[in-house]
Amino acid sequence: MKSTNVSILLTALALSNAAPAAEFEYPELAVAPRASERVESEAARESSDRWVHAAIEAPAAMSILSGLVLAANGTDDDPTKSWPKYAPWAGIGVGAAWIGLTELALKRNPPYSTAAHDLATMPKKTTREQLVRERYAEEALENAASIARKMKYFSFLTNAGAGVFMAAAAKDRSFGRVFAIASVATAFTPLLFAHTWEKTADAQKDYKKRIYGPVAGVSLLPRNSRGDVAPGLVLAFRW
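Residues numbered from 1 in each chain as written. Predicted model: local features only at pLDDT ≥ 70, side-chain atom pairs only at ≥ 80, totals over all residues. Heavy atoms only, no water.

Residues spaced three or four apart along an α-helix face the same direction, because each turn holds 3.6 residues. Its 12 residues give helix 3 (residues 35-46) an end-to-end C-alpha distance of 16 Å, which sits within 8% of 16 Å, the value for a rise of 1.5 Å per residue. Residues of helix 3 that are buried: A35, S36, R38, V39, E42, A43 and E46. Burial along helix 3 is one-sided: seen end-on, the buried residues are contained in an arc of 160°. For helix 3, the secondary structure elements touched by its buried residues are helix 6 (111-120), helix 7 (127-169) and helix 10 (196-209). (Helix = DSSP H or I, 4+ residues; strand = E, 2+ residues; numbered from the N terminus. Expected span 1.5 Å × (residues − 1). Buried < 20%, exposed > 50% of the residue type's maximum accessible area, 1.4 Å probe, protein only. Arc of directions from axis to C-beta. Contact = heavy atoms within 4.5 Å.)

So this is what it looks like as structure tokens:
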């Protein structure tokens, strides 16, 4: 009696035969949670997330504080220099601009809530409509992450620049210089901590990459060139 060979075959042909479910056709529709669900859940807690921009607001607050301390302690009184007197206002202005952007502009126009409102008006009956809806939601998640990435780099450049300017304008061994140097150090905060919007978009992309539909079944597989076949196990993965 001939021995029976058991084979494991990974083949693209098995994908179409073994996994007819429609949800496996598009990763956007198979991922859990879907991008639209993620947008809606983030929008629900967006208004109550007080510290979403904390990594950007921390250096902004430090720039304001450094500017106030520098103004109180006085700048370099060298009569040949006129620029030091503007240094405190540079720190205060940069810090106030970032606080205004995060607390007023972004929180009055929250990206997730805006996207969730648009998603609520989009049809979702057919597969095509669902796909369009999910891809729009993915774009909304990535747009928020893109805004966060731009903000953290501009935050670093502007706050560090203001800190260096204030340090150069401060008197030697004064509190003004100490706080200005601390302001430069604090400017690195956005680069050290990922923004919530970035983490949300990255997590959704990671979920999408992990989608697969393993389907196992018994089949007859070719054994040799003569056309002989043997029982085998077909294992198909959908990515």
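Time to look at the layout of surface pockets. Taken as a whole, the largest pocket holds about 240 Å³ of empty space. Around the largest pocket sit 16 residues that line it, and E46, S47, D49, V52 and P110 are the ones nearest its centre. Broken down by element, the lining of the largest pocket gets its largest block of residues, 4 residues, from helix 3. Class assignment of the residues belonging to the lining of the largest pocket gives a composition of 7 nonpolar, 4 polar and 5 charged. (1 Å grid on protein atoms, 1.4 Å probe; cavity = no way out; pocket = protein on both sides within 12 Å on 5 of 7 lines; lining within 4 Å. Points joined across faces, edges and corners; volume = space filled by probe spheres on them. Nonpolar A, V, L, I, M, F, W, Y, C, P; charged D, E, K, R; others polar.)

Take helix 6 next. Within helix 6, burial applies to P111, Y112, A115, A116 and L119. Projected down its long axis, helix 6 carries its buried residues within an arc of 125°, all on one side. What points out from helix 6, more than 90 degrees from its buried face, is the exposed set H117 and A120. Buried residues in helix 6 make contact with helix 3, helix 7 and helix 10.

What follows is about the side chain of N159. Mapped onto the elements, N159 comes out in helix 7. There is a polar contact of 2.9 Å between the side chain of N159 and the backbone oxygen of S155. When sequence neighbours within four positions are dropped, the list of residues in contact with N159 reads P59, A60, S63, V94, W98, S183 and A187. (Polar contact = N/O pair within 3.5 Å; in protein donor to acceptor, adjacent residues only side chain to side chain.)

Before going further, it helps to spend a moment on the pattern of salt bridges. Counted under the stated rule, the structure contains 15 salt bridges. Two residues, E40 and R133, come together in a salt bridge whose shortest N-O distance is 3.2 Å. Of the two residues, E40 sits in helix 3 while R133 sits in helix 7, which places them 93 residues apart along the sequence. The exposure class assigned to E40 is partly exposed, which follows from its relative accessible area of 35%. On the basis of relative accessible area, R133 is assigned to the buried category, the value being 7%. For the salt bridge of E57 with R50, the shortest nitrogen-to-oxygen distance reads 3.9 Å. R50 gets classed as partly exposed once you look at its relative accessible area, which sits at 40%. The network of salt bridges with common partners includes E28, R135, E138 and K208. (Salt bridge = Lys/Arg side-chain N within 4 Å of Asp/Glu carboxyl O.)

We now examine the environment of A170. Topologically, A170 is positioned in the loop between helix 7 and helix 8 (175-186). Expressed as a C-alpha distance, the spacing of A170 and T75, which sit 95 residues apart in the sequence, is 4.6 Å. When neighbours within four sequence positions are excluded, A170 is seen to be in contact with L70, D76, G176 and R177.

Turning next to the nonpolar core. Within the largest apolar cluster, 19 residues are counted, with the highest numbers of intra-cluster contacts made by V39, W98, Y112, A137, L141, M151 and W197. Among the secondary structure elements, those contributing two or more residues to this core are helix 3, helix 4 (54-73), helix 5 (87-108), helix 6 and helix 7. The greatest single-element share of this core, amounting to 6 residues, is contributed by helix 7. W98 has contacts with I56, A60, M151, F154, S155, T158 and N159, leaving out every residue within four places of it along the chain. Counting residues in hydrophobic clusters, the runner-up holds 7 residues, among them L70, M166, A167 and A170. (Core = buried A, V, L, I, M, F, W, Y, C linked by side-chain atoms within 4.5 Å.)

Turning our eyes to something else, we now look at unusual backbone geometry. Generally, phi is negative for residues other than glycine and the peptide bonds are trans, each holding for most cases. In this structure, P33 follows A32 across a cis peptide bond, with omega equal to 0°. Take P33: it is sitting in the loop between helix 2 (27-30) and helix 3. Despite not being glycine, R173 has its phi angle at roughly 55°, a positive value. By the element assignment, R173 lies in the loop between helix 7 and helix 8. With relative accessibility at 86%, the residue R173 sits in the exposed group.

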